[in-house]
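# An overview of the molecular structure
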2 protein chains.
Amino acid sequence: MSKLLQDAVGEFSKLPGIGRRTALRLAMHLLKMERESVADMTQAIARFRNEVRYCAKCNNLSDEEICPICADPERDRTTVCVVEQVADVLSIENTHQYRGLYHVLGGVISPMQGIAPSDLKIDLLVDNIARGGIEEVILAVSTSVEGETTLFYIMNRLRQFPGLKVTSIARGIGFGDELEYVDELTITHALRNRRAVE
Amino acid sequence: MSKLLQDAVGEFSKLPGIGRRTALRLAMHLLKMERESVADMTQAIARFRNEVRYCAKCNNLSDEEICPICADPERDRTTVCVVEQVADVLSIENTHQYRGLYHVLGGVISPMQGIAPSDLKIDLLVDNIARGGIEEVILAVSTSVEGETTLFYIMNRLRQFPGLKVTSIARGIGFGDELEYVDELTITHALRNRRAVE
């Protein structure tokens, strides 16, 4: 086997969810691409790894010290939505329904994986709130045990701000989900939090 | 969204089988990798695309003009196994059972996709055989309509060599396959080509 092919396959295989067979398919696909396209790809990957930063205010990925969302004067600076990871910001942004700011924790508290509160950007969140101007914190962390632990930890930390409204995104049956296949916990929650039909 | 992240996700999305969600996951994984590891990856991809060649004898991928298999004095030069693509060479090599040479066609004849016999390395195969020394050609192309068309086309081209043995790899029930789930054509073929139990 060609050493060059072997190296390319080996490198692709290091990516998550990509086995040797897929890696080989990706490598063979490179040969069908223009050399310039492949150069654009390797350049984008290298630049992303070497130049991207974390926003000093919200810990979102950013090209500058402050991310485009925190820097946008049009955003509502009284509301902060706390999420686990960068991908969550993108999911919420894709709805085009939220105009506030974000705060990316960088994970959830997980004693099993050795992730302590100090490993997350919780102090930064508290500092931001202490600086004033934030009226509501929306907690949008996952419903896992780790997510709930993180939620309660943050809620405790935020008790020091008496005027602050702390909310959690609604849990319930997703649109398009069939009740038959929804887990008991979600159904229980959805029943308890039922609301009047308007 | 960070422009750097956007670019990295966009480039990953160009690869086959990688949607935007997977591309985002791959990009985020890059941040967990050491910068040197990412540099090794982009370098391996770039070098593969720019430096890999096709073996002048068998059309397999190669770092040199002649691939390691064609250059290996230990290989049996009287037998050539004709395959569609580079991945097929690797699959056969992984069995460690074949010691002959290969010939990579680079695809199959497909009028639907506009692939004519002249787009495949069939002339090169005929030239290699005309040069003498090859006693058997094993056809290991796929059993699709295109594969069969290619098989018959090559068989016709090889009629000019009366002493040449032309074989096709055996079709039948794969090891571990349950008869219940095997298609009728394969079962029919396997029945017709039944052999005495030794």
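Only a predicted model underlies this, so the values are computations on that prediction, with no experimental measurement involved.

With that settled, consider the overall build of chain A. Per the secondary structure count, chain A includes 8 helices and 6 strands. Helices and strands in chain A line up, N terminus first, as α-α-α-β-β-α-β-α-β-α-β-α-β-α. Taken along its principal axes, the extent of the C-alpha atoms in chain A is 65 × 45 × 40 Å. Relative to its full complement of 198 residues, chain A shows a buried share of 38%. Across chain A, the centroid of the 23 positively charged side chains sits 3 Å from that of the 28 negatively charged ones.

Now for the interface of chain B and chain A. Tallying the contact residues gives 45 residues for chain B and 45 residues for chain A. Taking both partners together, chain B and chain A bury about 4,600 Å²; carbon and sulfur atoms supply 75% of that area. For chain B, the biggest contributors to the area lost against chain A are Leu4, Phe48 and Arg49 of chain B; these three give 17% of the whole. Inspection of the chain B/chain A interface yields 12 residue pairs in polar contact (both at pLDDT 80 or more). Within the residue set of the side of chain B that touches chain A, elements represented by two or more residues are α1 (3-13), α2 (20-32), α3 (35-51), β2 (61-62) and α5 (86-93) of chain B. Classifying every residue of the side of chain B that touches chain A gives 27 nonpolar, 6 polar and 12 charged.

Moving on, we come to the pairing of strand β5 (residues 136-139) of chain A. Residues and elements named next belong to chain A. Here β5 shows a buried face lined by Glu136 and Ile138 and a second buried face lined by Val137 and Leu139. Strand direction decides the pairing type here: strand β3 (residues 76-83) and β5, joined by 4 bridges, are parallel. Looking at the pairing, Val82 lines up with Leu139 of β5. Across 4 bridges, the pairing between β5 and strand β6 (residues 165-168) is parallel. Directly across from Ile138, in β6, lies its bridge partner Thr167.

So, on to a nonpolar patch on the surface. Together, Phe152, Met155 and Val166 of chain A make up an exposed nonpolar region whose accessible area comes to about 250 Å². Tracing the sequence through the fold places Met155 of chain A in helix α7 (residues 145-158).

Our focus in this paragraph is the packing of helix α3 (residues 35-51) of chain A against α1 of chain B. Axis separation between α3 of chain A and α1 of chain B bottoms out at 9 Å; the angle between their running directions is 140 degrees. The two elements α3 of chain A and α1 of chain B cross, and the hand of that crossing is left-handed. Two secondary-structure elements touch here, α3 of chain A through Ser37, Asp40, Met41, Ala44, Ile45, Arg47, Phe48 and Glu51 of chain A and α1 of chain B through Leu4, Leu5, Asp7, Ala8, Glu11 and Phe12 of chain B. Among the residues forming the contact of α3 of chain A with α1 of chain B, the class breakdown is 8 nonpolar, 1 polar and 5 charged.

Attention shifts here to the environment of Pro73 of chain B. Residues and elements named next belong to chain B. Position of Pro73 relative to the elements: it lies in the loop between α4 (68-71) and β3 (76-83). Since its relative accessible area comes to 68%, Pro73 is described here as exposed. Taking the C-alpha atoms as reference points, Pro73 and Gln85, 12 residues apart in sequence, are found 23 Å from one another.

The operation relating chain B to chain A is a screw motion whose rotation component is 180 degrees, with 0.0 Å of axial translation and a residual RMSD of 0.1 Å. The symmetry that links the two subunits is that of a two-fold axis. Of every C-alpha in chain B, the one belonging to Thr42 of chain B sits nearest the axis of rotation, 2.5 Å from it.

With that settled, the discussion passes to the domain arrangement of chain A. Splitting chain A by domain gives domain 1 (3-51) and domain 2 (74-169). If you average the C-alpha positions of domain 1 of chain A and of domain 2 of chain A, the two centres end up 35 Å apart.

With that settled, the discussion passes to the packing of helix α6 (residues 122-130) of chain B against helix α7 (residues 145-158) of chain B. All names here are of chain B. At a minimum axis distance of 11 Å, the contact between α6 and α7 shows a crossing angle of 35 degrees. Both α6 and α7 take part in a crossing whose hand is right-handed. Mapping the contact onto sequence places Ile122, Asp123, Leu125, Val126 and Ile129 in α6 and Tyr153, Ile154, Arg157 and Leu158 in α7. Taken together, the residues of the contact of α6 with α7 break down into 7 nonpolar, no polar and 2 charged.

Residues and elements named next belong to chain B. Scanning the entire structure with this criterion turns up 11 salt bridges over all chains. Across the pair Asp7 and Lys3 runs a salt bridge, and its minimum N-O distance is 3.2 Å. Of the two residues, Asp7 and Lys3 are both situated in helix α1; the distance of 4 residues between them amounts to about one turn of the helix. A relative accessible area of 31% means that Asp7 is categorised as partly exposed. Measuring nitrogen to oxygen at the nearest pair gives 3.2 Å for the salt bridge that ties Lys14 to Glu11. Looking at Glu11, the relative accessible area reads 10%, which means it is buried.

The rules we used
Residues numbered from 1 in each chain as written. Chains lettered and ligands numbered in written order. Predicted model: local features only at pLDDT ≥ 70, side-chain atom pairs only at ≥ 80, totals over all residues. Heavy atoms only, no water. Helix = DSSP H or I, 4+ residues; strand = E, 2+ residues; numbered from the N terminus. Buried < 20%, exposed > 50% of the residue type's maximum accessible area, 1.4 Å probe, protein only. Lys, Arg positive; Asp, Glu negative; His and termini not counted. Charge placed at Lys NZ, Arg CZ, Asp CG, Glu CD. Contact = heavy atoms within 4.5 Å. Buried area = accessible area lost by both parts, 1.4 Å probe. Polar contact = N/O pair within 3.5 Å; in protein donor to acceptor, adjacent residues only side chain to side chain. Nonpolar A, V, L, I, M, F, W, Y, C, P; charged D, E, K, R; others polar. Pairing = 2+ DSSP bridges. Patch = residues over 30% accessible without salt bridge, like charges linked within 9 Å, V, L, I, M, F, W, Y side chains within 5 Å. Areas by Shrake-Rupley, 256 points an atom, 1.4 Å probe, with all protein chains shown as cover. Salt bridge = Lys/Arg side-chain N within 4 Å of Asp/Glu carboxyl O. Axes fitted to C-alpha atoms, helices over the stretch in contact; angles between N-to-C directions. Left-handed = near helix turned anticlockwise from the far one by under 90°. Least-squares fit on C-alpha atoms with pLDDT ≥ 70 in both. Domains from an automatic or database assignment.

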